[in-house]
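For reference, the chains in residue letters:
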Amino acid sequence: SKAALPPAARRGPSISAVHLDSVTNRNLTGVESREEGALGAPVVRRYVAAAGGTAVVALIAALFALEQGARVFNDTWVGVWFSDRFTQGVWFYLGVYAAGGLAYSLITYCRTLRFYYSTVDAATRLHHQLLRHLLRLPKSFFDANPAGRILNRFSRDTEIMASVLGKSTVQFLTCMAPYVAVF
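Structure report, in brief. (Residues numbered from 1 in each chain as written. Predicted model: local features only at pLDDT ≥ 70, side-chain atom pairs only at ≥ 80, totals over all residues. Heavy atoms only, no water.)

As a further point, take the overall build of the protein chain. Regarding its fold elements, the protein chain presents seven helices and zero strands. For the protein chain, the sequential pattern of α-helices and β-strands runs α-α-α-α-α-α-α. Summed over all atoms, the accessible surface of the protein chain reaches about 13500 Å², with 66% contributed by carbon and sulfur. (Helix = DSSP H or I, 4+ residues; strand = E, 2+ residues; numbered from the N terminus. Areas by Shrake-Rupley, 256 points an atom, 1.4 Å probe, with all protein chains shown as cover.)

Structure follows, in structure tokens:
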């Protein structure tokens, strides 16, 4: 009978309301935190290492400087041609200009190929490292974080490494290369 039941069961079914006073309490998995701002030195070092190390970065910087040197040579050669400094025929000046243009094109091609190969290689290596780390996490991590959040974060970070970081770096180096070539 009802006398044998505990007091809470004797009153019948009840609905309890819990007041959720923060956003964190409303979401069982919590609020996702993200780092924002400039890249730190450890992140840059890890990216450089994944791209092939400092030797590859030095090679790319040298190719940027050579590219700018070839461009400056061609621009200067047009001035030499205009002033007819060597008193030669038009084919001499045109031949030197064409050779300079070909050298500039080949250096630009090699620089672009090496740069983008390095950025793709870095993104691939870091993707594999991240995936390896993710797969070794304890099951409790996957219980606390929804699969959609993990996939979204994983794909967003990988996309930034693969495309945005490479484009930003090439823009920065393209702006800096003329100053490096002058010195």
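Attention now goes to the pattern of salt bridges. A complete count under the given rule lists six salt bridges for this structure. In this structure, Arg153 engages Asp157 in a salt bridge whose closest nitrogen and oxygen atoms are separated by 3.6 Å. Of this pair, Arg153 and Asp157 both sit in helix α7 (residues 147-182), four residues apart, which is roughly one turn of that helix. Look at Asp157 and you get partly exposed, because its relative accessible area is 28%. (Salt bridge = Lys/Arg side-chain N within 4 Å of Asp/Glu carboxyl O. Buried < 20%, exposed > 50% of the residue type's maximum accessible area, 1.4 Å probe, protein only.)

Okay, a nonpolar patch on the surface next. Taken together, the side chains of Val78, Val90, Trp91, Leu94 and Tyr97 present a nonpolar region at the surface, about 500 Å² in accessible area. The element best represented in the nonpolar patch is helix α5 (residues 90-135), accounting for four residues. (Patch = residues over 30% accessible without salt bridge, like charges linked within 9 Å, V, L, I, M, F, W, Y side chains within 5 Å.)

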